[in-house]
Amino acid sequence: MKQGLNWEDIRLFVAVAELGSFSAAARQLGLGQPTLSRRIAELEGQLGEPLFIRRSQGCELAPAGLRLLPAAAQMAQWAHDAEVSLARPAERVAGKVRITAPPGLALTLLTQLAQRLRARFPALTLEVLSSTHLLDLSRGEADIALRTRQVAEPGLMTVGKILSQPRLYGSRDYAASLPPGATLADLALICWSEDQGHFMINRELHRLLPGFKPVFASDDFNVQLGACVQGLGAMVLYDALMSHPILSSLVRLPVSFNSDYRGEIFIQVHKRLHGLPRIMAVLDELGCFGRGIAEYQGPEEV
């Protein structure tokens, strides 16, 4: 980025990019549209390239704008964090925090966390990135990650771990249909599809049941859960997640999972964000929530 750019230039650019309109950005920023247009034109002059393609209705990012946006968005967030860190304590926790997590954790754990955060910090927005793929925290693809395995990346910190026992669950009708003394081999099992075989649950089922074939599989956790609620079969779920109301129709089956595997949920954050008020508010609440639902280990124990 060329010398002479400042935080305010970046903030204006990000606002126009996010809203796709000079007029909408001017209203949000409390500026006159001619003033905003002039400032963006000056920024483009400094860079020597247009940042936006102007349309009769709104605008879109030009190639230079697409290249600039990821770094600019992060810079704008850092500037915001610097401002709120100097504010009075009650005003510090504000802004957006992006958490990435596997779909099961996103649906059950993070939706409960969002409710708790909303009650305590109304100016804080939680954005959940539910994915079966790992997002790169060092590149700013997310702020905090919940992961079922510890990931080593430059600058990454593991700040906590939730431990929970995996057990077998099914609908009440399915539980009633099981023969006395049923074992794992007697169950119709629902799990991740073959392309998601990296999940520990799939690996354990294949280890415990040679030649294992599920009765139903999907690459979408919600679809698996829907099949289980319908009574199609049983799922392996973490005890720590079962407090969510959406799972209230499922019951624990009287069948041993017969595995030494213990569910681990690692909480990770990049060191450059650790200490920021909005990040610490979420991490602290995750720790409190973790202690309330399962065994929780803090950073000194992980």
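Here the structure is shown first, and the text comes after it.
For the structure given in this document, a descriptive report is provided here. (Residues numbered from 1 in each chain as written. Predicted model: local features only at pLDDT ≥ 70, side-chain atom pairs only at ≥ 80, totals over all residues. Heavy atoms only, no water.)

### Quick look at the pattern of salt bridges
Under the counting rule described, the total for this entry stands at 13 salt bridges. Residue E285 pairs with R116 through a salt bridge whose shortest N-O separation is 2.9 Å. With E285 in helix α9 (residues 277–293) and R116 in helix α5 (residues 103–120), this pair connects stretches of sequence that are 169 residues apart. Using a relative accessible area of 4% as the deciding quantity, one classes E285 as buried. Under the relative-accessibility criterion, R116 is labelled partly exposed at 32%. D143 serves as the salt-bridge partner of R278, at 3.5 Å between the closest nitrogen and oxygen. Pair noted here: R278 is in helix α9 and D143 is in the loop between β4 (124–130) and β5 (144–147), with a separation of 135 residues, a long-range link. (Salt bridge = Lys/Arg side-chain N within 4 Å of Asp/Glu carboxyl O. Helix = DSSP H or I, 4+ residues; strand = E, 2+ residues; numbered from the N terminus. Buried < 20%, exposed > 50% of the residue type's maximum accessible area, 1.4 Å probe, protein only.)

### Some words on the environment of A123
Tracing the chain through its elements places A123 in the loop between α5 and β4. For the pair A123 and A94, spaced 29 residues apart in sequence, the C-alpha separation works out to 4.7 Å. Excluding residues that lie within four positions of it along the chain, A123 makes contacts with V93, A94 and G95. (Contact = heavy atoms within 4.5 Å.)

### A short note on the sheet that holds strand β12 (residues 263–270)
The six strands are arranged β4-β3-β5-β12-β6-β13 in an open sheet whose pairing can be described as mixed. The open sheet has two edge strands, β4 and β13 (295–297), and neither has a second partner. Pairs of neighbouring strands in the sheet enclose a mean axial angle of 20°, with direction left out of account. Looking at chain direction, strand β3 (residues 95–101) and β5 are connected through two bridges and run parallel. Note on β5: the bridge partner recorded for T100 is A145. Of the strands in this sheet, β3, β4, β5, β6 (156–164) and β12 are in contact with α5, which crosses β4 at around 180°. (Pairing = 2+ DSSP bridges. Axes fitted to C-alpha atoms, helices over the stretch in contact; angles between N-to-C directions.)

### Points about the packing of aromatic side chains
Enumeration according to the criterion identifies three aromatic pairs in this entry. Ring plane angle 75° and centroid distance 5.6 Å describe the contact between F22 and F52, whose orientation is recorded as edge-to-face. Taken as a pair, F22 in helix α2 (residues 22–29) and F52 in strand β1 (residues 52–54) lie far apart in primary sequence, 30 residues in all. Since its relative accessible area comes to 3%, F52 is described here as buried. On the basis of an interplanar angle of 5° and a centroid distance of 4.3 Å, the ring pair of W192 and F199 is categorised as stacked. You'll find W192 and F199 in the same group, each marked buried. (Phe/Tyr/Trp six-rings, centres within 6.5 Å; stacked < 30°, edge-to-face > 60°.)

### Remarks on the sheet that holds strand β7 (residues 166–171)
Read from one edge to the other, the open sheet built from three strands follows the order β10-β7-β11, with strand pairing classed as antiparallel. Both outer strands of the open sheet, β10 (235–238) and β11 (250–252), are each paired with one neighbouring strand and no more. For this sheet, the mean angle separating the axes of adjacent strands, direction not counted, is 50°. By the bridge criterion, three bridges tie β7 to β11 in an arrangement that is antiparallel. Looking at the pairing, S171 lines up with L250 of β11.

### Digging into the packing of α5 against α9
Two elements in contact, α5 and α9, have axes whose closest approach is 10 Å; the angle formed by their N-to-C orientations is 120°. Of the possible angle classes, the one that applies to α5 and α9 is oblique. Remark: the crossing between α5 and α9 carries right-handed chirality. Contact with α5, carried on its side by L109, Q112, L113, R116, L117 and R120, involves A281, V282, E285, L286, C288, F289 and I293 of α9 and no other residues of that element. (Parallel < 35°, antiparallel > 145°, perpendicular 65-115°, else oblique. Left-handed = near helix turned anticlockwise from the far one by under 90°.)

### Description of the environment of A24
When you line up the elements, A24 lands in helix α2. Relative accessible area serves as the criterion here: at 19%, A24 is assigned to the buried category. C-alpha of A24 to C-alpha of G58: the two residues are 34 residues apart in sequence and 8.8 Å apart in space.

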